[in-house]
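Remarks on the overall topology
Okay, here's what each chain looks like letter by letter:
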Amino acid sequence: MTATEDLQTWLALEQEAVWLYPVIGARFADLRPRASTAFRTHRDTRDALERRIRVAGEDPVANRLTYDVGPVDTERRALRAAGRLEARISAACLALAGASEGDLRAYAIRNLTRAALAELTWGARPQAFPGLP
């Protein structure tokens, strides 16, 4: 994959996060502060990725109306859905870091770190190498 394709993959995941975190916040009062913070972070990241893709002369991947995140009907399932999504974002950032250089690689690594820490926020166990299966 090219760096632009990796950016598009990552953007699609950020769009999913912008969709998921309001759902979690609306359903579970105890998770609302975390979900609100995550929503703002992912919204800003989504917007930045869209700008980068447009500057590269491409059209950003379109939002979907809904996403298959599995059931989010209990706090435990909501935590799991958020953790899985953050893990997928970590993997996308790692892929981009491997396919890019310079500023773009540094940007991907910063966001890999952010996503790995977000995984922990949602209850994941620490990993030696975030983003790897």
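Reference entry: report on the structure contained in this document. (Residues numbered from 1 in each chain as written. Predicted model: local features only at pLDDT ≥ 70, side-chain atom pairs only at ≥ 80, totals over all residues. Heavy atoms only, no water.)

Let's talk about the overall build of the protein
Here is the rule: Think of it this way: any DSSP run of H or I at least four residues long counts as a helix, any run of E at least two long counts as a strand, and we number them from the N terminus. Categorising residues by exposure relies on relative accessible area from a 1.4 Å probe, with only protein chains included: less than 20% of the type maximum marks a residue as buried, more than 50% marks it as exposed, and the intermediate range marks it as partly exposed. By the convention used here, residues are in contact when the closest approach between their heavy atoms is within 4.5 Å.
Scanning the protein for helices and strands turns up four helices and zero strands. Seen in sequence order, the protein has helices and strands lined up from the N terminus as α-α-α-α. Projected onto the principal axes, the alpha-carbon positions of the protein cover approximately 40 × 35 × 20 Å. Within the protein, the proportion of its 133 residues that are buried is 41%. Contacts spanning at least 24 positions in sequence make up 78% of the contacts within the protein whose residues lie at least 6 apart.

Comments concerning the packing of helix α1 (residues 3-27) against helix α2 (residues 32-55)
Quick note on the threshold: Orientation is described by axes fitted as lines to C-alpha atoms, over the contacting stretch for helices, and by angles from 0 to 180 degrees between their N-to-C directions. An angle below 35 degrees is treated as roughly parallel, one above 145 as roughly antiparallel, one from 65 to 115 as roughly perpendicular, and anything else as oblique. Take the far helix as the reference: if the near one is turned anticlockwise from it by less than a right angle, the crossing is left-handed, and if turned clockwise, right-handed. All amino acids are sorted into three groups, where Ala, Val, Leu, Ile, Met, Phe, Trp, Tyr, Cys and Pro are nonpolar, Asp, Glu, Lys and Arg are charged, and the leftover types, Gly among them, are polar.
Two elements in contact, α1 and α2, have axes whose closest approach is 8 Å; the angle formed by their N-to-C orientations is 155 degrees. Taken as axis vectors, α1 and α2 run roughly antiparallel relative to one another. Handedness of the α1/α2 crossing: left-handed. Class assignment for the residues of the contact of α1 with α2 results in 14 nonpolar, five polar and five charged.

With respect to the nonpolar core
Under the convention used in this document: In these notes, a set of buried Ala, Val, Leu, Ile, Met, Phe, Trp, Tyr and Cys residues joined through side-chain atoms within 4.5 Å is what counts as a nonpolar core.
Membership of the largest hydrophobic core comes to 34 residues, with the highest contact counts inside it found for Trp10, Tyr21, Ile24, Val72, Ile89 and Trp122. Listed by contribution, the elements that provide at least two residues to this core are α1, α2, α3 (75-99) and α4 (102-121). Once residues lying within four places of it in the same chain are set aside, the contact partners of Trp10 are Thr45, Leu49, Ile89, Ala92, Cys93, Leu96, Tyr107 and Asn111.

A look at the packing of α1 against α4
Remark: α1 packs on α4, axes separated minimally by 13 Å, with the N-to-C direction vectors making an angle of 30 degrees. Taken together, the axes of α1 and α4 lie roughly parallel to each other. For the pair α1 and α4, the sense of crossing is left-handed. Every residue of α4 that contacts α1 at Ala3, Leu7, Trp10 and Glu14 is listed here: Leu104, Tyr107, Asn111 and Arg114. The residue makeup of the contact of α1 with α4, split by class, is five nonpolar, one polar and two charged.

In short, shape yes, function no, at least from these values alone.
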